[in-house]
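What follows is the residue order along each chain.
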Amino acid sequence: MYIVSVLCLLLLVPYLVVGLAFMPKGKGKQLFNMVYSALALGGVGGLLYVFCRQYVNDYKGYAQVGAERLDVMLGALLLMIPVIILLVIVNMVLKKPRGMLLFCIAAGLVLADGVGVCVYAWLADTGYAAFLPMALPAALLLVPLLWALAAGGLLPFEGKAGRAVHWSVQTLLFLMVAGLMGYGAYTLQALLGGWNASLFRFAPIALVGLIIPGVPLFVFFYDMVKRSDRPARTPRRQRKKEARAK
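Draft legend 1. Structural view of the overall build of the protein. Secondary structure assignment for the protein yields 10 helices and zero strands. Listing each helix as α and each strand as β along the protein from the N terminus yields α-α-α-α-α-α-α-α-α-α. When each of the 246 residues of the protein is scored for burial, the buried share is 37%. Across the protein, the fraction of contacts at a sequence separation of at least 24, relative to all contacts at a separation of at least 6, is 74%. Accessible area of the protein: about 14,600 Å², with a carbon and sulfur share of 70%.

See the structure below:
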């Protein structure tokens with residue numbers, strides 16, 4: 001199953017190449033979100049893959065631990081990458097794109113997959129290893145990253161609905177990362193018996209971890225500020241009436 005994880009992560013490379021080559025001009029924000037979400041998903045997915053393989057290799061001599069189940073959980077989550085790419089391709093070939101509908105389908109499948117992985121981790125508890133504390137953070141990170149990948153490929157940033165989804169997904173991802181960091185810091189200080197100066201050595205890692213999901217939010221906020229300086233756009237119905245009058 002770990003080979004499947006590698007293949008799914010490698011699919012992000014042609015996805016980026018095709019996206020950069022065929023994304024229409026004037027959709028810079030959508031292209032940015034598409035590229036950035038793919039790179040973030042590839043980076044986080046790669047780190048989780050390395051962690052899983054290290055854990056499996058460390059416990060491969062202990063059959064009762066069943067460490068290879070981590071490969072199954074991660075592979076199940078990363079299998080959503082080709083599913084999302086397929087939906088993006090379907091949206092591209094449709095005469096009338098259905099980005100929002102396909103995004104809702106992708107979001108539902110990803111959420112169901114994340115919940116399924118957590119349930120599997122809970123049921124796979126062998127007594128020698130608790131898999132839920134490992135599967136839950138992975139799902140909390142990969143699910144919003146997969147949503148961001150789907151939003152970048154399916155939803156233009158120009159429309160109100162598209163902007164709302166992009167904003168919501170990126171905000172959720174930022175809150176997930178901040179929440180996991182806060183929980184990790186609380187766990188560390190509990191293990192150490194209180195706050196210790198040694199915890200500050202993790203500050204650079206925490207800063208980088210917050211900057212990565214924070215960059216899209218900054219870009220979107222800058223775009224919102226720029227839009228606030230523009231004159232209000234004429235409603236669509238009024239534009240249609242004016243066009244008919246001409």
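Draft legend 2. Up close: the packing of helix α3 (residues 28-58) against helix α4 (residues 69-78). Between α3 and α4, the least distance of the axes is 9 Å, while the angle of their chain directions is 165°. Relative to α4, the element α3 lies roughly antiparallel. Where α3 crosses over α4, the handedness of that crossing is left-handed. Only Leu70, Asp71 and Leu74 of α4 make contact with α3, whose side of the interface consists of Leu48, Tyr49, Cys52, Arg53, Tyr55 and Val56.

Draft legend 3. Spotlight on the side chain of Asp71. In this fold, Asp71 is placed in helix α4. Setting aside residues no more than four positions away along its own chain, Asp71 makes contact with Met1, Tyr2, Ser5, Cys52, Arg53 and Val56.

Draft legend 4. Layout of helix α5 (residues 80-93). Spanning 14 residues, α5 covers 20 Å between terminal C-alpha atoms, matching the ideal 20 Å at 1.5 Å per step. Those residues of α5 lying buried are Met80, Ile81, Ile84, Ile85, Leu87, Val88 and Asn91. Projected down its long axis, α5 shows its buried positions confined to an angular sector of 160°, all on one face. Along α5, exposed side chains directed more than 90 degrees from the buried face belong to Leu86 and Val93. Where α5 is buried, its residues meet α1 (2-10), α2 (12-22), α3, α4, α6 (99-123) and α7 (132-154).

Conventions and cut-offs
Residues numbered from 1 in each chain as written. Predicted model: local features only at pLDDT ≥ 70, side-chain atom pairs only at ≥ 80, totals over all residues. Heavy atoms only, no water. Helix = DSSP H or I, 4+ residues; strand = E, 2+ residues; numbered from the N terminus. Buried < 20%, exposed > 50% of the residue type's maximum accessible area, 1.4 Å probe, protein only. Contact = heavy atoms within 4.5 Å. Areas by Shrake-Rupley, 256 points an atom, 1.4 Å probe, with all protein chains shown as cover. Axes fitted to C-alpha atoms, helices over the stretch in contact; angles between N-to-C directions. Parallel < 35°, antiparallel > 145°, perpendicular 65-115°, else oblique. Left-handed = near helix turned anticlockwise from the far one by under 90°. Expected span 1.5 Å × (residues − 1). Arc of directions from axis to C-beta.

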